[in-house]
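# Structural characterization, general
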Amino acid sequence: LRGNRYDAREAADQMIKFFELKHQLFGKGSLVKDITINDLDEDDIACLKTGWVQFAGKDRSGRQIVLNLPGLRDDKFTLQNELR
């Protein structure tokens, strides 16, 4: 809610978009659980290992900090591999 300037409608729309994308990428069963490394296939894991996406800990509010380093990106992976 805070991220949407306390606009409940915007916050609800953002949550709906998140769950729609999660459903599209991981299927219906993923909607009620956290995604873990076990939910990724071999190409998804290989894409992570390129290092173009890095997790740099959490901020003071507990949000995950994600860094994208485009110079490390490998064109052999699909957009779905990158999003997952």
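Reading guide: rules and limits
- Residues numbered from 1 in each chain as written.
- Predicted model: local features only at pLDDT ≥ 70, side-chain atom pairs only at ≥ 80, totals over all residues.
- Heavy atoms only, no water.
- Helix = DSSP H or I, 4+ residues; strand = E, 2+ residues; numbered from the N terminus.
- Rg over C-alpha atoms; globule rule 2.2 N^0.38 Å.
- Buried < 20%, exposed > 50% of the residue type's maximum accessible area, 1.4 Å probe, protein only.
- Areas by Shrake-Rupley, 256 points an atom, 1.4 Å probe, with all protein chains shown as cover.
- Lys, Arg positive; Asp, Glu negative; His and termini not counted.
- Charge placed at Lys NZ, Arg CZ, Asp CG, Glu CD.
- Salt bridge = Lys/Arg side-chain N within 4 Å of Asp/Glu carboxyl O.
- Polar contact = N/O pair within 3.5 Å; in protein donor to acceptor, adjacent residues only side chain to side chain.

For the protein, the helix and strand inventory stands at 3 helices and 2 strands. Here the C-alpha radius of gyration of the protein, 15 Å, is well above what a compact globule of 84 residues would show, namely 12 Å. Expressed as lengths along the three principal axes of its C-alpha atoms, the size of the protein is roughly 40 × 30 × 20 Å. Residue burial in the protein is summarised as follows: out of 84 residues, 17% are buried. With an accessible surface of roughly 6,900 Å², the protein has 53% of that area assigned to carbon and sulfur atoms. The positive charge centre, built from 14 side chains, and the negative charge centre, built from 14, are 7 Å apart in the protein.

So, on to the pattern of salt bridges. Should their charged atoms come close, side chains of opposite charge can pair. Evaluation of the coordinates by the stated rule reveals 2 salt bridges. Residue Asp39 pairs with Lys33 through a salt bridge whose shortest N-O separation is 2.9 Å. Here Asp39 falls in the partly exposed class, since its relative accessible area comes to 22%. Residue classification places Lys33 among the partly exposed positions, given a relative accessible area of 36%. In this structure, Asp59 and Arg63 form a salt bridge, with 2.8 Å as the shortest nitrogen-oxygen distance. Since its relative accessible area comes to 26%, Asp59 is described here as partly exposed.

Backbone nitrogen of Asp43 and a side-chain oxygen of the N-cap are separated by 3.1 Å at the start of helix 2 (residues 42–49); the cap is Asp41. After helix 2 finishes, the residue Gly51 shows a positive phi value of roughly 85 degrees.

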